[in-house]
Amino acid sequence: MSTENLPQSPEQAPRKPRVAVVFGGRSSEHGISVVTAGAVLRAIDRTKYDVLPIGITLDGRWALTADEPERMAIVDRQQPSVDLLAESDEGAVILPVDPSNREVVYSEPGSVPKALGEVDVVFPVLHGPYGEDGTLQGLLELSGVPYVGSGVLASAVGQDKEYMKRVFTSFGLKVGPYTVIRPREWELDPAGARKRIAEFAGEHGWPLFIKPARAGSSFGITKVDSFEGLEEAFDEARRHDPKIIVEALLRGREIECGVLEFEDGPRASVPAEIPPVQSHDFYDFEAKYIDSAPGIVPAPLTEEQTAEVRRLAVEAFDAASCEGLVRADFFLTEDGEFVINEINTMPGFTPISMYPRMWEETGVGYPELVDLLVQAALRRSTGLR
């Protein structure tokens, strides 16, 4: 019997990809992560994607939060937090560690767990340890959920300033002078650690920059002009990380460049310059996020210098096996050489951050930038690749 004239059931409209924006976290960069999430939530195309905001509190609880980006901003110099945005003080979002099941569940004490639906891709806008350093990426790999940004190895390398520099050196990229003080050395042989710093200062001169080896957003960094400020600088750095990196001053201009993954491979944005901030000793957290120190986009460089720094930014991206996005930071020294300082595998993504500003100048606006990152993540599989 012919079915040609029988009524046909209407075709079900395809489901929009579901994007979980995960933010907050246990690091000292918690507040900046929340600000970044607000910007992403405002920009993401709701006609193209369903969105699920998930905040991680400072104590590590995954919380269901309201989709209210206007509450995710720095107000009166105070940073926002997931605890203020969470819909419950006790409820927790659970991501199954099962590649065959991408359904997210919300559970509250004394209540039946509530299914929140499947997640197709995670946009993790966490900064620092417990999020940007490969730990969250490892969890998502186990869960089989694609995600925006670099994988486990590149995220870990991009978070640890020591191993980042070791990788760059092995690929022929020039880095500045540095030495590392490990926790055991500072605790068991502080005299030996001080002696090594004295030898480093004797070779490279003062001032020195004392930094947490695995922190970002310029947290915990102190510029030290002599031994007198060393103890206090180490205490400040160790509040963020027991492993310390000591860097020599590089005299020159601070140049940044964004890298973005397209279908045909990574490309670099026009570069930006971070000029000296008159009210700050260096480009620290307050200058970046509180006082909104302006960067110059595009950087006033020659065509040759612009081409060179863009080339080096892509080389750094490839050297660390990065995916999705990277901001590469350089010094242009007084002798005209570019020295790479560091990369950020999940750079600041707030409206005033340099990464989106550089891409805006290159011709990729903020909403398109968010879309390109989500699309790149959806194209990739989890696991070895």
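Residues numbered from 1 in each chain as written. Predicted model: local features only at pLDDT ≥ 70, side-chain atom pairs only at ≥ 80, totals over all residues. Heavy atoms only, no water.

Trainee: Whenever I open this one, the overall build of the protein confuses me. Can you help?
Mentor: When helices and strands are tallied, the protein shows twelve helices and 16 strands. Against the 2.2 N^0.38 benchmark of 21 Å for 385 residues, the protein shows a C-alpha radius of gyration of 22 Å, consistent with a compact globule. For the protein, the C-alpha atoms occupy an extent of roughly 90 × 55 × 40 Å along the three principal directions. Counting all 385 residues of the protein, 56% fall into the buried class. Long-range contacts, defined as pairs at least 24 residues apart, comprise 66% of the intrachain contacts of the protein with a sequence gap of at least 6. Counting every atom, the protein has about 17,600 Å² of accessible surface; 50% of that belongs to carbon and sulfur. Across the protein, the centroid of the 38 positively charged side chains sits 2 Å from that of the 62 negatively charged ones. (Helix = DSSP H or I, 4+ residues; strand = E, 2+ residues; numbered from the N terminus. Rg over C-alpha atoms; globule rule 2.2 N^0.38 Å. Buried < 20%, exposed > 50% of the residue type's maximum accessible area, 1.4 Å probe, protein only. Contact = heavy atoms within 4.5 Å. Areas by Shrake-Rupley, 256 points an atom, 1.4 Å probe, with all protein chains shown as cover. Lys, Arg positive; Asp, Glu negative; His and termini not counted. Charge placed at Lys NZ, Arg CZ, Asp CG, Glu CD.)

Trainee: How do you make sense of helix α10 (residues 303-319) when you look at a structure like this?
Mentor: Each full turn of the α-helix corresponds to 3.6 residues, which orients residues three or four apart in the same direction. Between its first and last C-alpha, α10 extends 24 Å over 17 residues, near the 24 Å set by a 1.5 Å rise per residue. Here the buried face of α10 lies against α5 (161-170), β12 (252-262), β13 (265-268), β15 (325-333) and β16 (338-344). Where α10 ends, the next residue or the one after it, serine 321, has phi of about 60 degrees, a positive value. (Expected span 1.5 Å × (residues − 1).)

Trainee: I keep staring at the packing of helix α4 (residues 152-159) against α5 and nothing clicks. Help me out?
Mentor: The description of two packed helices rests on the angle between their axes and on the distance between the axes. Axis separation between α4 and α5 bottoms out at 5 Å; the angle between their running directions is 110 degrees. Taken together, the axes of α4 and α5 lie roughly perpendicular to each other. Residues Val157, Gly158 and Gln159 of α4 form the contact with α5, whose participating residues are Lys161, Tyr163, Met164 and Val167. When its residues are assigned to classes, the contact of α4 with α5 shows four nonpolar, two polar and one charged. (Axes fitted to C-alpha atoms, helices over the stretch in contact; angles between N-to-C directions. Parallel < 35°, antiparallel > 145°, perpendicular 65-115°, else oblique. Nonpolar A, V, L, I, M, F, W, Y, C, P; charged D, E, K, R; others polar.)

Trainee: Explain unusual backbone geometry to me, please; I cannot follow it from the model alone.
Mentor: Peptide bonds are mostly trans, and most non-glycine residues show a negative phi. A cis amide bond, omega 0 degrees, links tryptophan 206 with the succeeding residue proline 207. Cis geometry is adopted by the peptide bond preceding proline 298, which originates at valine 297 and carries an omega value of -5 degrees. Among the structural elements, proline 298 can be located in the loop between α9 (285-290) and α10. Of note in the backbone geometry, arginine 77 takes a positive phi value of approximately 65 degrees without being a glycine. Structurally, arginine 77 can be placed in the loop between β3 (62-64) and α2 (82-85).

Trainee: Explain the confidence of the model for the protein here, please?
Mentor: Parts of the prediction with low pLDDT should not have their coordinates interpreted in detail. The predicted model of the protein has a mean per-residue pLDDT of 90, with 92% of residues at 70 or higher. Every residue in residues 1-9 is under pLDDT 50, and counting partners more than four places away or in other chains gives two contacts. (pLDDT = per-residue confidence, 0-100.)

Trainee: In this structure, what is going on with the sheet that holds strand β4 (residues 92-94)? I would like to understand it.
Mentor: Strand pairing in a sheet takes place through backbone hydrogen bonds and is either antiparallel or parallel in direction. Spatially, β4-β5-β6 is the arrangement adopted by the three strands of the open sheet, whose pairing is antiparallel. Single-partner strands in this sheet number two, and they are β4 and β6 (114-118). Strand-to-strand twist across the sheet, computed as the mean angle between neighbouring axes with direction ignored, equals 25 degrees. Bridging between strand β5 (residues 103-107) and β6 involves four bridges; their strand directions are antiparallel. Note that in β6 the partner of valine 105 across the bridge is alanine 115. (Pairing = 2+ DSSP bridges.)

Trainee: Mind showing me how you'd approach the sheet that holds strand β10 (residues 222-224) here?
Mentor: Overall, antiparallel pairing links the four strands, which are arranged β8-β11-β9-β10 in an open sheet. Looking along the sheet, the strands with just one partner apiece sit at the ends: β8 (178-181) and β10. Averaged over all adjacent pairs, the angle separating strand axes in this sheet is 25 degrees, with direction ignored. Of the strand pairs in this sheet, strand β9 (residues 208-212) and β10 are connected by three bridges, and their pairing is antiparallel. Bridging across to β10, phenylalanine 209 finds its partner in lysine 223.

Trainee: It is not clear to me how the state of the cysteines should be interpreted in this structure. Could you clarify?
Mentor: Among covalent bonds in proteins, the disulfide is the one between the sulfur atoms of two cysteines. Counted according to the given criterion, the structure contains zero disulfides. Here cysteine 322 stays unpaired: no disulfide links it, and the sulfur of cysteine 257, its closest cysteine neighbor, is 13 Å away. On the basis of relative accessible area, cysteine 322 is assigned to the buried category, the value being 8%. (Disulfide = S-S within 2.5 Å.)

Trainee: I would appreciate a short explanation of the nonpolar core in the present structure.
Mentor: Across soluble globular proteins, nonpolar side chains have a tendency to be buried as a group. Val19, Val21, Phe23, Val40, Phe123, Phe349 and Val370 are the most contacted members of the largest nonpolar core, which totals 35 residues. Going through the elements one at a time, β1 (18-24), α1 (30-43), α2, β7 (121-124), β12, α11 (354-362) and α12 (366-379) are the ones with two or more residues in this core. If we ignore the near neighbours within four places in the chain, the residues touching valine 21 are Ala37, Val40, Leu41, Val51, Leu52, Pro53, Ile54, Phe123 and Val125. Within the second largest apolar cluster, 29 residues are counted, among which are Cys257, Val259, Ala316 and Ala320. (Core = buried A, V, L, I, M, F, W, Y, C linked by side-chain atoms within 4.5 Å.)

Trainee: Is there a simple way to explain the side chain of asparagine 341 in this structure?
Mentor: Within the secondary structure layout, asparagine 341 lies in strand β16. Among residues more than four places away in sequence, those in contact with asparagine 341 are Met164, Lys165, Lys211, Glu247, Asp329, Phe330 and Phe331.

Trainee: Help me out: how do you make sense of the side chain of glutamate 261 in this one?
Mentor: For glutamate 261, the position within the fold is in strand β12. One polar contact links the side chain of glutamate 261 to the main-chain amide nitrogen of glycine 324, over a distance of 2.6 Å. Of note is the side chain of glutamate 261, whose polar atom sits 2.8 Å from the side chain of arginine 380. Contacts of glutamate 261, omitting those with residues within four sequence positions, involve Pro266, Glu323, Gly324, Ala376, Arg379 and Arg380. (Polar contact = N/O pair within 3.5 Å; in protein donor to acceptor, adjacent residues only side chain to side chain.)

Trainee: Explanation requested: the pattern of salt bridges in the structure shown.
Mentor: A side chain of one charge can pair with a side chain of the opposite charge when the charged atoms of the two come close. In the structure shown here, the tally under the stated rule is 29 salt bridges. As a salt-bridge pair, lysine 243 and glutamate 162 come within 2.7 Å of each other at their nearest N and O atoms. Here glutamate 162 lies in helix α5 and lysine 243 lies in the loop between α8 (230-238) and β11 (244-248), a separation of 81 residues in the sequence. In terms of burial, lysine 243 and glutamate 162 fall into one category: buried. The salt bridge partner of glutamate 199 is lysine 195, with a shortest N-O separation of 2.7 Å. Remark: lysine 195 and glutamate 199 occur in helix α7 (residues 190-204); sequence separation between them is four residues, near one turn of the helix. Judged by its relative accessible area of 46%, glutamate 199 falls in the partly exposed class. Among the charged side chains, a network of salt bridges with common partners joins Glu141, Glu261, Glu323, Arg380 and Arg385. (Salt bridge = Lys/Arg side-chain N within 4 Å of Asp/Glu carboxyl O.)

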